[in-house]
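# Per-entry structural report
Here's the letter readout for the chains.
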Amino acid sequence: VQEEKIFAGKVLRLHVCTMEGAEWLEEVPEDTTVEKLKERCLKHCVPGSLEDPKTVTHHKLIHATSEKVLTDTKTVLEENIQDRDVLLLIKKRAPPPLPKMADVSAEEKRKQEQKAPDKDAILKATANLPSRNVDRTVAHHNMRDFQTELRKILVSLIEVAQKLLALNPDAVELFKKANAMLDEDEEDRVDEIALRQLTEMGFPESRAVKALRLNHMSVTQAMEWLIEHADDPTVDAPLPGQTASEATAEASASSAEATAGPSSEASGEEAKDELTEIFKKIRRKREFRPDPRAVIALMEMGFDEKEVVDALRVNNNQQNAACEWLLGDRKPSPEDLDKGIDTNSPLFQAILENPVVQLGLTNPKTLLAFEDMLENPLNSTQWMNDPETGPVMLQISRIFQTLNRT
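Residues numbered from 1 in each chain as written. Predicted model: local features only at pLDDT ≥ 70, side-chain atom pairs only at ≥ 80, totals over all residues. Heavy atoms only, no water.

## Focus: the packing of helix H15 (residues 305-314) against helix H16 (residues 319-327)
It is at 8 Å that the axes of H15 and H16 come closest, and there the two elements cross at 120 degrees. As summarised for this structure, H15 and H16 are arranged oblique, according to the angle between their axes. Handedness of the crossing formed by H15 with H16: right-handed. Across the interface between the two elements, Glu-307, Asp-310, Ala-311, Leu-312 and Val-314 from H15 touch Gln-319, Ala-322, Trp-325 and Leu-326 from H16. (Axes fitted to C-alpha atoms, helices over the stretch in contact; angles between N-to-C directions. Helix = DSSP H or I, 4+ residues; strand = E, 2+ residues; numbered from the N terminus. Parallel < 35°, antiparallel > 145°, perpendicular 65-115°, else oblique. Left-handed = near helix turned anticlockwise from the far one by under 90°. Contact = heavy atoms within 4.5 Å.)

Encoded structure:
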């Protein structure tokens, strides 16, 4: 008995197929290399093919089940081929011919034609066009003018709403209820859209609520706060002073209820004075709250605290814009923010003639919304989404944009 037969490995019976439809059975020991198996297959299906040594390299064997191309240098055992497996003998695709020099030149020419012009080409093509200098600072001031004009509208609309509501015999009672409701909801009111944006980013809802309250409902600042305090052990602790504010709210509500009785029997002049006092309380409650981080950052640049607060108030708590205001001409001034719009202007007349605005001005909640947006513009999103005040703000915005385009 020959030695190689004594120590020969297990014999596998493999089904081999070709692309032309030929099929046969090959019996090979499991230690046979894939290259040897391929030679046997070619010898079986293509007689005389082995005379050309390139024939073996131009073909490949593929395991039908796993669709894996078998490596020539590995054995059948190493490729994990089992008895009765099916193999495919396929001729390799010929590599694509190299492009001719003429084709390469045409392709490069096409790319050059599609290439965007450089700065010199643009200047040459536009040399004869009339120059128009667009100052970016002008565009920035135009945006600032829009904010200032909108603020002036709110100031004037607040005056109109106060006069209309003062004519309502139930105005004092309405505002006492609204004031009490405002106190109760002060700590709980959160911008739902801003909260959803933060929770969709993966932040826990309780932390997102806390971050929004600390950052005046600004999503960007709240997100920065959450990232900075991600590893802070006190990040989930309740806000300081929250209990005190709730107690203050209850005290305000109880005081409003205590004065409700006598006011109903008071004269018209006393009711008017009482309504004025309520308006003052609401205004004090809605005082501007500067972003503490922006205050610290701007004061570190050398600016006085009062200047920094004025800058942030003028620029809606935007730190970069406030810095530009401090370094620039400081217009508009903080005093300009309390000036209303010209009541005889076409813009203001168009706003007052709108039926939705007229109806909204008789609603105490609209006045509260105007007061809130006046001192804290970042809260405008909440009022835009409110079913009572949202339609009024939408009409004011549409009228403003329409008249600005004409």
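## Overview of the nonpolar core
Counting 24 residues, the largest nonpolar core has Ile-153, Leu-157, Leu-347, Ile-351, Phe-370, Met-373 and Ile-396 as the members making the most contacts within it. At the level of elements, helix H6 (136-166), helix H17 (346-352), helix H18 (355-361), helix H19 (364-375) and helix H21 (390-405) are the ones that each hand at least two residues to this core. Other than its neighbours up to four places away in sequence, Phe-370 contacts Leu-154, Leu-157, Ile-158, Leu-361, Val-392, Met-393 and Ile-396. With 16 residues, the next largest nonpolar core counts Leu-12, Val-16, Val-34 and Leu-70 among its residues. (Core = buried A, V, L, I, M, F, W, Y, C linked by side-chain atoms within 4.5 Å. Buried < 20%, exposed > 50% of the residue type's maximum accessible area, 1.4 Å probe, protein only.)

## Quick word on the side chain of His-59
The residue His-59 is located in strand S3 (residues 59-63) in this model. The residues contacting His-59, other than those within four sequence positions of it, are Lys-38, Leu-42, Leu-89, Ile-90, Lys-91 and Lys-92.

## Focus: helix H8 (residues 192-200)
Taken as a whole, H8 has its buried residues at Ala-194, Leu-195 and Leu-198. The arc enclosing the buried residues of H8, seen along the axis, measures out at 100 degrees, which places them on a common side. Exposed positions of H8 whose direction lies more than 90 degrees from the buried face are Glu-192 and Glu-200. Count one or two residues on from H8 and you reach Gly-202, which has phi positive near 110 degrees. (Arc of directions from axis to C-beta.)

## Notes on unusual backbone geometry
In the Ramachandran plot, Asn-80 falls in the positive-phi region, its phi being about 60 degrees despite a non-glycine side chain. Relative to the assigned elements, Asn-80 resides in the loop between strand S4 (68-69) and strand S5 (86-91). Judged by its relative accessible area of 54%, Asn-80 falls in the exposed class. For Arg-330, which is not a glycine, the phi torsion comes out positive at approximately 55 degrees. On the secondary structure map, Arg-330 appears in the loop between H16 and H17.

## Some remarks on the environment of Asp-236
Here Asp-236 is to be found in the loop between helix H10 (219-228) and helix H11 (242-258). Separated by 29 residues in sequence, Asp-236 and Arg-207 have C-alpha atoms that sit 6.3 Å apart. Those residues in contact with Asp-236, other than ones at most four positions away along the chain, are Ser-206, Arg-207 and Lys-210. Polar contacts involving the side chain of Asp-236 include one to the side chain of Arg-207, which spans 2.8 Å. (Polar contact = N/O pair within 3.5 Å; in protein donor to acceptor, adjacent residues only side chain to side chain.)

## Things to note about the environment of Leu-42
For Leu-42, the position within the fold is in helix H2 (residues 34-45). Taking the relative accessible area as the measure of exposure, Leu-42 reaches 0% and is therefore buried. For the pair Leu-42 and His-59, spaced 17 residues apart in the sequence, the C-alpha separation amounts to 8.8 Å.

## Points about the pattern of salt bridges
Pairing of side chains with opposite charge becomes possible as their charged atoms draw close. By the definition in use, this model includes nine salt bridges. With its nearest N and O atoms 3.0 Å apart, the salt bridge here joins Asp-72 to Lys-38. Taken together, the residues Asp-72 in the loop between S4 and S5 and Lys-38 in helix H2 connect sequence positions 34 residues apart. Using a relative accessible area of 1% as the deciding quantity, one classes Lys-38 as buried. The shortest N-O distance in the salt bridge between Arg-330 and Glu-307 comes to 3.1 Å. Residue Arg-330 is located in the loop between H16 and H17, and its partner Glu-307 is located in helix H15; the two are separated by 23 residues in the primary sequence. Taking relative accessible area as the criterion, Glu-307 reaches 28% and is therefore assigned partly exposed. (Salt bridge = Lys/Arg side-chain N within 4 Å of Asp/Glu carboxyl O.)

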